[in-house]
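The primary structure of each chain is shown beneath.
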Amino acid sequence: MALNKYTRAFLALLALSAPLTAGERSNWSIYGNAHFNHNMHRSDGFVIEPICPACVNIKDGNTPGFGLSLGLINHPDTRFLGMEYMPGLALNFDLVGGKIENENFLGNIIEGNTLKQGLVRYTLDNNVSFLSLEPFVYFYPFQTIRTALKIGANFAFPMNKSYTFSETVLTEGATFPDGTRSNTYPQTELNNTSLMISIPIGLKYDAFKTDKFIVSPEVSYSFALTDFQSDSKWKVNRFAAGLSLVYRLDKPEPPKVDPPRTAPLPELPIPNKERNEIECIARWEVGGTPAENNATIAYSSTSYNYRVPVLPYIFFDENSAEFAQTPTKKKTTTNAKSGDIAESCETQQATFIDRLPEILRDQNSVSLKVTFLDNEKANIGTERLANTLNYLVSNGVNTSDIKTSIQKIPSKKIKYTQLAEEYRSASFDYPDLNNKTDEIPISTSTSYPNVDIRYILAPKSDEPIKTIEGTLRLESGKTIPFNSSTVAFTVDSADLASYGEDFEIVSTYTITDIAGTTREFSDDLTISLKEKQTEKVYNFAGKYREFVVAINSFDKQQPFIICTGAVNEIKSAIKDGKRVDLMGLTDNLGSRKYNMALSKRRVNAIIKQLDIDPKKIRIATPEDYIFDNNTTYGRMLNRSVIVRIYDK
């Protein structure tokens, strides 16, 4: 059966798109689109050689058509200018041809015996279709509305460019000079055609979305940049409306690995044992060393001390009026790097909430400002203010003199998405704010070892053993099945950190002899964790002490908190002739080059504000971020000026 030209075009589209889908990746999706076109033809007058090169002035026309697309879309884990985006590449087939007519042109006709100009209808029935390659990007400017803006580039090559030209005399009683009233010329192909480049811009709405599928109605408009036929300066702009389907590819399954083969159970004949008694000797090895019950594993931790200002903020989760950080949510820092003290700072923020009523009872002038984002629910600011005031009143604070305000923050003006967490807050301003600097004891740099454990079962009876099957259960509920005389596994440091002082491993197994007799056994091992702690001050082996001098707002060089205690330390050290270094810190938002310049501006602002002699201090470059940029508190504390006061 012969295939028509559109079927052949679609099969060619599928064949050419096959290389795109080779190789599955979890962040890629297959993209398909079917749409109807409204094609707007624009020219300076079509050139129809050799029929009527001078008289056919059909310039504009509109034709219907349809199109199909197939390609791939990527789902990056990053954002572009704070927006989610999806780049893609598609192979398209579009039919843009149809009848373009002009009835208002005076052609050469014969009426009676007179040759004159009369009304003639000229029809260009063009059968034009394109195969195009289109890279594009979907941008999602809104977080809550699943509407995407599409922009791309389309490189179209004509697959079919045939046409039929006809003319008909409309003046009654007249004919063409050859005596006919209608002529249709043989089908031929347009000449001087070339690649057509256009810019598609569109919108799509994700009407149906699951983990695997996205179904979206989509509209677009393509602006032609180049001519399809150069002689006629023929361009084709297109409006398309259709439906898109995105199917997300599965992650490739990891290759299957056969379990290692185990050696057969050794036979240990034991005299004076009755037959049909099945028994094994169980042996534990921890880290390659035989272990009895209550085996001890040592881990190390280091305590640091650091002077950290308490930030006067209460934070809220999105669309919530409950405090995000309360004493019930305090954390214990484990497996942290040296100086990574943000979690303890979060605990200190919880302590601030605890102490806030006591602080405010002694203040004469207090301001409370609640902020929320415009993409949160409408009354959330009022709810946060009410919850904060109720907390203060329930703890004996007279709130009648507190100046309150609520501010809505436009989410579109937030430069980085991480800053949204900081605008869901209640902030306080009171006279003694700059003196609230605490020394926080921090347990950090906790280092647990990975522990290798082997469990070995050796037969004790002389009865041949057919099978051994069992499980090892760790205290956390994790189970490890085994079906041989030896099972080896590793308890990693993350597991050890969650067990506390000690944990128990219980083995339960069954032994079946060759006669089919089965018995159940159990065994256990308790592992105790012993801490080896080292006390020191976070000061690089005692060479200097380090304090936070000032806290800055995002992208600001002037501080909004100056720590009085740290200022007194600086002035005392300068008076004693000690070396004093000032470092400006930033968070990790923005480029490294910009942040380095901002850090120097923050230091210079402190020098000027505290009236410090620049000759008696040094401006140092920070080696790294001191606090954790993954938390709200860590980022805010990183926007600071740090002083190092050396012992000598």
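Structural data are supplied above this passage.
Everything numeric in this text was worked out from a predicted model, so none of it was measured.

S.K.: In this structure, what is going on with the overall build of the chain? I would like to understand it.
M.R.: Regarding its fold elements, the chain presents 8 helices and 33 strands. Of all 648 residues assigned to the chain, the portion counted as buried reaches 45%. Across the chain, the fraction of contacts at a sequence separation of at least 24, relative to all contacts at a separation of at least 6, is 74%. As displayed, the chain has an accessible area near 34,000 Å², and 51% of this comes from carbon and sulfur atoms.

S.K.: What is the right way to read the pairing of strand S2 (residues 60-74) from this model?
M.R.: Looking along a regular strand, one sees the side chains alternate between the two faces of the sheet. In the sheet, strand S1 (residues 28-42) pairs with S2 via 15 bridges, with the strands oriented antiparallel. Among the inter-strand pairings, Asn39 is bridged to a residue of S2, identified as Thr63.

S.K.: What is the right way to read the side chain of Glu167 from this model?
M.R.: Among the secondary structure elements, Glu167 is positioned in strand S7 (residues 154-169). Despite being buried, Glu167 has no salt bridge partner; Arg121 is the closest side chain of opposite charge, sitting 12 Å away. One polar contact links Glu167 to Tyr185, side chain to side chain, over a distance of 2.8 Å. Every residue in contact with Glu167, bar those within four places of it in the chain, is listed here: Val120, Arg121, Tyr122, Phe176, Arg181, Ser182, Asn183 and Tyr185.

S.K.: Which parts of the structure should I look at to understand unusual backbone geometry?
M.R.: Non-glycine residue Asp555 carries a positive phi angle of around 65°. Positive phi, normally seen in glycine, also occurs at Asp611, with a value near 55°. As for its placement among the helices and strands, Asp611 is situated in the loop between helix H7 (592-609) and strand S32 (618-620).

S.K.: How should I be thinking about the pattern of salt bridges in this particular structure?
M.R.: Side chains bearing opposite charge may pair, as long as their charged atoms lie close to each other. Inspection of every chain in the model, using the stated rule, returns 17 salt bridges. Asp94 serves as the salt-bridge partner of Arg238, at 3.2 Å between the closest nitrogen and oxygen. Of this pair, Arg238 sits in strand S14 (residues 235-248) while Asp94 is found in strand S3 (residues 84-95), placing the two residues 144 residues apart along the sequence. Relative accessible area serves as the criterion here: at 6%, Arg238 is assigned to the buried category.

S.K.: Hey, could you run me through the sheet that holds strand S19 (residues 367-373) in this one?
M.R.: Hydrogen bonds between backbone groups are what pair the strands of a sheet, and the pairing can be parallel or antiparallel. If you walk across this open sheet you meet the 4 strands as S18-S21-S19-S20, and the pairing is mixed. With partners counted over all chains shown, the strands left at the sheet margins are strand S18 (313-315) and strand S20 (403-409), one partner each. Recorded for the sheet is a direction-independent mean angle of 15° between the axes of neighbouring strands. When S19 meets S20, the two strands line up parallel, connected through 7 bridges. Counterpart to Phe372 in the pairing with S20 is Lys408.

S.K.: Mind showing me how you'd approach the sheet that holds strand S26 (residues 486-491) here?
M.R.: Read across the sheet, 4 strands follow the order S16-S15-S23-S26 without closing on themselves; strand pairing throughout is antiparallel. At either margin of the open sheet sits one strand with a lone partner, and together these are strand S16 (289-291) and S26. Adjacent strand axes in the sheet meet at a mean angle of 30°, parallel and antiparallel pairs treated alike. Bridge count for strand S15 (residues 280-286) against S16 is 3 bridges, and the pairing is antiparallel. Residue pairing across strands places Val286 opposite Thr289, the latter belonging to S16.

S.K.: Quick question: what am I supposed to make of the pairing of strand S33 (residues 640-646) here?
M.R.: For S33, the tally of buried residues reaches 7 of 7 residues, placing the bulk of the element in the interior. Covered by surrounding structure in S33 are Ser640, Ile642, Arg644 and Tyr646 together with Val641, Val643 and Ile645, the residues of both alternating faces. Pairing of strand S29 (residues 544-552) with S33, which is carried by 7 bridges, proceeds in the antiparallel orientation. Paired with Ile551 across the bridge in S33 is Ser640. Bridge count for strand S31 (residues 580-584) against S33 is 5 bridges, and the pairing is antiparallel. For Leu582, the partnering residue across the bridge sits in S33 and is Val643.

S.K.: How should I be thinking about empty space enclosed by the protein in this particular structure?
M.R.: One simple way to see leftover space: roll a probe sized like a water molecule over the atoms. Across all of its chains, the model carries 2 cavities of 30 Å³ or more by this definition. Approximately 230 Å³ is the volume attributed to the largest cavity. Of all the elements in the fold, those that place two or more residues in the lining of the largest cavity are S1, S3, strand S13 (213-224) and S14. Ranked by the residues each element gives to the lining of the largest cavity, the list is headed by S14, at 5 residues. Along the lines of polarity and charge, the residues of the lining of the largest cavity split into 7 nonpolar, 9 polar and 5 charged. Taken as a whole, the second largest cavity holds about 70 Å³ of empty space. Forming the walls of the second largest cavity are Gly584, Leu585, Thr586, Arg592, Asn595, Met596, Ser599, Pro622, Asp624 and Tyr625. With 4 residues, the top contributor of residues to the lining of the second largest cavity is H7.

S.K.: What is the right way to look at the packing of aromatic side chains in this model?
M.R.: For any two aromatic rings, the description comes down to two numbers: the centre-to-centre distance and the angle of the planes. Counted under the stated rule, the structure contains 22 aromatic pairs. Chaining the aromatic ring pairs together yields one cluster made of Tyr313, Phe315, Phe560 and Tyr633. The residue whose ring lies beneath Arg601 is Tyr594, and the NZ or CZ to ring-centre distance is 5.7 Å.

S.K.: Help me out: how do you make sense of the side chain of Glu285 in this one?
M.R.: Among the structural elements, Glu285 can be located in strand S15. Dropping the residues within four chain positions of it, Glu285 is found in contact with Pro290, Ala291, Asp452, Ile453, Arg454 and Ile456.

S.K.: Please explain the environment of Arg454 as it appears in this structure.
M.R.: Looking at the secondary structure, you find Arg454 in strand S23 (residues 451-459). Under the relative-accessibility criterion, Arg454 is labelled partly exposed at 36%. Arg454 sits 168 residues away from Val286 along the chain, and the two C-alpha atoms are 6.6 Å apart. When neighbours within four sequence positions are excluded, Arg454 is seen to be in contact with Arg283, Trp284, Glu285, Thr486, Val487 and Ala488.

S.K.: So what exactly am I meant to see when it comes to helix H3 (residues 380-394) here?
M.R.: Spacing of three or four residues puts side chains on the same side of an α-helix, whose turn is 3.6 residues. Across its 15 residues, H3 extends 21 Å between first and last C-alpha, which sits within 8% of the 21 Å expected from 1.5 Å per residue. For H3, every residue scored as buried is listed here: Ile380, Gly381, Arg384, Leu385, Thr388, Leu389, Tyr391 and Leu392. End-on view of H3: buried residues confined to an arc of 165°, all on one side of the axis. Exposed positions of H3 whose direction lies more than 90 degrees from the buried face are Thr382, Asn390 and Ser394. Remark: Gly396 follows H3 within two positions and exhibits a positive phi of approximately 85°.

S.K.: Is there a simple way to explain the nonpolar core in this structure?
M.R.: For soluble globular proteins, the rule of thumb is that nonpolar side chains tend to be buried together. Phe428, Val549 and Leu582 are the most contacted members of the largest nonpolar core, which totals 59 residues. The contacts of Leu582, once residues within four sequence positions are left out, are Val549, Ile570, Val603, Ile607, Ile617, Arg618, Ile619, Ala620, Val641, Ile642 and Val643. Counting 31 residues, the second largest nonpolar core, distinct from the first, contains Val451, Tyr455, Leu472 and Ile511.

Rules used throughout
Throughout, a residue's number is its position along its own chain's written sequence, starting from 1. Totals for whole chains, interfaces and linings use all residues, but because this is a predicted model, local features are given only for residues with pLDDT of at least 70 and pairs of side-chain atoms are given and counted only at 80 or more. The side-chain numbers reported here are obtained from all heavy atoms of the structure, hydrogens and water having been left aside. A helix here means a DSSP run of H or I that spans at least four residues, while a strand means a run of E at least two residues long, and both kinds are numbered starting from the N terminus. The buried label applies to any residue whose accessible area, calculated with a 1.4 Å probe on protein chains only, is under 20% of its type's maximum; exposed applies above 50%, and partly exposed to all values in between. Whether two residues touch is decided by their heavy atoms; if any such pair falls within 4.5 Å, the residues are in contact. Note on areas: these come from Shrake-Rupley sampling with a 1.4 Å probe, and a residue is covered only by the protein chains present in the view. When DSSP locates at least two bridges between a pair of strands, those strands are taken to pair. Working convention for charge: Lys and Arg count positive, Asp and Glu count negative, and His plus the chain ends are omitted. A carboxyl oxygen of Asp or Glu within 4 Å of a side-chain nitrogen of Lys or Arg is what we treat as a salt bridge. Any pair of N or O atoms that falls within 3.5 Å is considered a polar contact. Within protein, one atom must be able to donate a hydrogen and the other to accept it, and sequence-neighbouring residues count only if both atoms are side-chain atoms. Under this scheme, a helix contributes an axis fitted over its contacting stretch, all axes are lines through C-alpha atoms, and angles between N-to-C directions fall in the 0 to 180 degree range. In this analysis a 1.4 Å probe is tested at points of a 1 Å grid over the protein atoms alone, and where it fits but cannot get out there is a cavity; an open set with protein on both sides within 12 Å along at least five of seven lines is a pocket; lining residues have an atom within 4 Å of a point. Grid points are joined across faces, edges and corners, and a volume is the space filled by probe spheres set on the points. Three classes are used, and their members are as follows: Ala, Val, Leu, Ile, Met, Phe, Trp, Tyr, Cys and Pro are nonpolar, Asp, Glu, Lys and Arg are charged, and the others, Gly among them, are polar. Side-chain rings of Phe, Tyr and Trp (the six-membered ring for Trp) are treated as a pair once their centres are within 6.5 Å; stacked means planes under 30 degrees apart, edge-to-face means over 60, and tilted covers the remaining angles. We count a charge as sitting over a ring when the NZ of a lysine or the CZ of an arginine lies within 6 Å of the ring centre and within 35 degrees of the ring normal. In this scheme, a helix's expected span is set at 1.5 Å multiplied by one less than its residue total. An arc is given here, and it is the one of the directions from the helix axis to the C-beta atoms. Within this scheme, the nonpolar core is defined by two criteria: the residues are buried Ala, Val, Leu, Ile, Met, Phe, Trp, Tyr or Cys, and they are joined through side-chain atoms within 4.5 Å.

Distances and angles like these do not, on their own, reveal function.
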